Amino acid sequence: MFLPYGDTPNPPTTPFINYFFIAANIAVFLFVTLPLTMSRPDFNDPLVVDYIRVVGARGYGSAQQILQNMTAYDLFVFRYGFRPGSPSLFTLFSSMFLHGGWLHLIGNMVFLWIFGDNVEHRLGRFGYLGFYLVAGVAATLFFSLFVPGSQVPLVGASGAISGVLGCYFIWFPRNQVKTFVFLFPILMNTFYLPARLVLGFYLVIDNIIPFLFTAGQASGVAHGAHIGGFGAGLLLAFAVDRWQWIGYKHRSRVKDITGGPAERKETVRETTEAQRVVELLGENLMDRATDLYFQLDDRKERLAVPDEAVLDMGNNLLEQGKNLPALSLFRRFIAERPNSPEIDRAFLGAGEAMLRQPRGDTSAYHYFLTALDTARTEQTAKLAREYLRRLDRRAR
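A short tour of the structure in this document, coming up. (Residues numbered from 1 in each chain as written. Predicted model: local features only at pLDDT ≥ 70, side-chain atom pairs only at ≥ 80, totals over all residues. Heavy atoms only, no water.)

1. A few points about the sheet that holds strand E1 (residues 2–8)
As a general point, the strands of a sheet are linked pairwise by backbone hydrogen bonds and lie either parallel or antiparallel.
Consideration 1: Judged by pairing direction, the sheet is antiparallel, and its three strands sit side by side in the order E1-E2-E3 without closing on themselves. Bordering the open sheet on either side are E1 and strand E3 (187–194), each of which pairs with just one other strand. Pairwise comparison of adjacent strand axes, ignoring direction, gives a mean angle of 20 degrees for this sheet.
Consideration 2: Two elements, strand E2 (residues 176–183) and E3, share eight bridges in a ladder whose sense is antiparallel. Counterpart to Lys-178 in the pairing with E3 is Tyr-192.
Consideration 3: Seen against the sheet, helix H6 (residues 102–123) touches E1 and E2 and runs at an angle of roughly 25 degrees to E1. (Pairing = 2+ DSSP bridges. Helix = DSSP H or I, 4+ residues; strand = E, 2+ residues; numbered from the N terminus. Axes fitted to C-alpha atoms, helices over the stretch in contact; angles between N-to-C directions. Contact = heavy atoms within 4.5 Å.)

What follows is the structure, encoded as C-alpha cells:
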C-alpha cells in the first residue's frame, strides 16, 4: 500500500481557493451528510419509488429490505448526485461536494491538500477556481459516456481532483512526494518518490487497469471519472504552455507584416528563413532575428538555427524584460533539442524567465534543479545553485 501525505517543494503563497474547496467538502459532510445519514427518509417523497426500483435492479434485496436500510442521505444523494440517465446542470456541480463516507472524503481531501496548492499557484486563484469546476464537469461527462442510461448517482470530488493531478503531472515533474510504503512485514517506511511515478501509478494501476477490467460492470469506484479528470488536466497544462508560445509568435508575425521595408521581405524569400535569422544576427539585428525566428513554423527550419544563436536570442529577450517570449523560446529549445550540449543553459534561462512570472517560483525551482543536474560548466552550476538558494530563502 502506498499512502502519499505531502510533497516538496511548495509555493510560498497561501492557496486560499484550495483551502476553500477542502473546507466546503468537509462542511457539506459534517452538516449535511452526517445528519441525514442518521435520519430516516420521507417515504411520501415520490423519488422513493424510483430509488427502490434502481437499487432493487442492482440486486440489493427486496423493496422491504431496501426501505428498512434506507436513510435520508440515500435519497438526498439520489436527488443531488449526478445520474447519467437523468442528467441536469445543477447535479453536475452539486455531486462534486457529496461523498459516500469518511474514507471517501479523507482520501479525496488528502490528495487535494497535497497537490492543489502548486497548481493554484501556477493558475492563479480565479483560474484555479474555474479549472477545478470545469475538470469536475469534464470528468463526470466522460464517465457518463460509458453508462449513458444509468440511474446510479455519481458523487465525489475525485474527478475534479484528478484534473488537478493531471496539471501537476505536466508542470511539476521534478517534485518529490512524501509517501508511506506499507508492505507488511517486508517494508514499512517513508520515501520521497518522483511526482510522475506516484501520479503515473495512480492513473495506470489504480484507474486505467481497473477500468478496462470492470468496463460495463457494477463498481463502487468511478474509474472513468478519474481518467476523464486527469485527461482534462493534461490538456489544460499543454494548452497553457502552448498558448504562451503561439501568442508571441502571432504578435511577431503581425509586427513583420505591418512594419519593415518590402525589400527585406523579398530577401528573406530568396534564402531560407533560418539562414536569414543567422544573417540578421551577424548584422547585430537581434530583435529582427528574434521576430523572424518566432515565425518559423517548420521544426527543421528552427533546428537549422545554431543552438548558441537561439540561446543568445533568449537571453536578449530576458535583458529587455520580455519574459514570456523568453520562456517560450527556452521551452521550445528544451523540447526540440533535448540532446543539445547547451541544454543546461536553456534550463537556466527558462528558470530565470519563470522566476519573473507571477506564481512562477515553484516551476523556476524545477528548471534550476535540472540546470544544475545537466550543467557542463562550473559557471552554470554556480548560477543554478545561487538561484536555488535564493528561492529557499524566499520560501522560508
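The discussion continues.
2. Quick look at the pairing of E2
For a regular strand, side-chain orientation follows a simple rule: the groups alternate between the two sheet faces.
Consideration 1: With six bridges connecting them, E1 and E2 associate as antiparallel partners. Within the sheet, the bridge partner assigned to Phe-2 lies in E2 and is Val-181.
Consideration 2: The antiparallel pairing of E2 with E3 creates a hairpin that spans three residues between the two strands.

3. Focus: helix H8 (residues 158–171)
For an α-helix, 3.6 residues make a turn, and residues three or four places apart therefore share a direction.
Consideration 1: Over its 14 residues, H8 extends 20 Å from the first C-alpha to the last, a length consistent with the 20 Å expected when each residue adds 1.5 Å.
Consideration 2: Within H8, 13 of the 14 residues are buried, leaving the element largely enclosed by the surrounding structure. (Expected span 1.5 Å × (residues − 1). Buried < 20%, exposed > 50% of the residue type's maximum accessible area, 1.4 Å probe, protein only.)

4. What about the side chain of Ser-340?
Consideration 1: For Ser-340, the location among the structural elements is in the loop between helix H16 (323–336) and helix H17 (343–355).
Consideration 2: There is a polar contact of 2.6 Å between the side chain of Ser-340 and the side chain of Asp-307.
Consideration 3: Polar side-chain contacts of Ser-340 include one of 3.0 Å to the backbone nitrogen of Glu-342.
Consideration 4: Discounting residues that sit within four places of it in the chain, Ser-340 has contacts with Asp-307 and Phe-333. (Polar contact = N/O pair within 3.5 Å; in protein donor to acceptor, adjacent residues only side chain to side chain.)

5. Overview of the packing of aromatic side chains
Consideration 1: According to the stated counting rule, one finds 20 aromatic pairs in the structure shown.
Consideration 2: Summarising the aromatic geometry, the rings of Phe-21 and Tyr-132 are spaced 3.9 Å apart at their centres and angled 20 degrees between planes, so their arrangement reads as stacked. A residue pair is termed long-range when its members are at least 10 positions apart, and Phe-21 in helix H1 (residues 16–37) and Tyr-132 in helix H7 (residues 125–144) qualify at 111 residues. For the pair shown, Phe-21 and Tyr-132 are each scored as buried.
Consideration 3: Ring plane angle 65 degrees and centroid distance 6.0 Å describe the contact between Phe-169 and Phe-230, whose orientation is recorded as edge-to-face. Here Phe-169, found in helix H8, pairs with Phe-230, found in helix H10 (residues 223–258); they are 61 residues apart in sequence, far enough to count as distant.
Consideration 4: These aromatic residues form a ring-pair network of at least three members: Phe-111, Phe-115, Tyr-168, Phe-169, Phe-172, Tyr-202 and Phe-230.
Consideration 5: One Lys or Arg, Arg-122, reaches over the ring of Trp-171 and ends 4.5 Å from the middle of that ring.
Consideration 6: The aromatic ring of Phe-169 is capped on one face by Arg-196, whose charged end is 4.9 Å from the ring centroid. (Phe/Tyr/Trp six-rings, centres within 6.5 Å; stacked < 30°, edge-to-face > 60°. Lys NZ or Arg CZ within 6 Å of the ring centre and 35° of its normal.)

6. Quick word on a nonpolar patch on the surface
Consideration 1: A cluster of nonpolar side chains, Phe-2, Leu-183, Ile-186, Leu-187, Phe-191, Phe-201, Val-204, Ile-205, Ile-209, Leu-212 and Phe-213, forms an exposed patch at the surface whose accessible area comes to about 1,000 Å².
Consideration 2: Where the nonpolar patch is concerned, the elements lending two or more residues are E3 and helix H9 (195–214).
Consideration 3: Take the nonpolar patch: its biggest share by element is six residues, from H9.
Consideration 4: When you line up the elements, Ile-205 lands in helix H9.
Consideration 5: Looking at Ile-205, the relative accessible area reads 40%, which means it is partly exposed. (Patch = residues over 30% accessible without salt bridge, like charges linked within 9 Å, V, L, I, M, F, W, Y side chains within 5 Å. Areas by Shrake-Rupley, 256 points an atom, 1.4 Å probe, with all protein chains shown as cover. Salt bridge = Lys/Arg side-chain N within 4 Å of Asp/Glu carboxyl O.)

7. Focus on the pattern of salt bridges
Consideration 1: A complete count under the given rule lists 14 salt bridges for this structure.
Consideration 2: We note a salt bridge from Glu-386 to Arg-389, for which the minimum N-O separation is 3.3 Å. With Glu-386 and Arg-389 both in helix H19 (residues 378–395), this residue pair falls three residues apart, about one helical turn.

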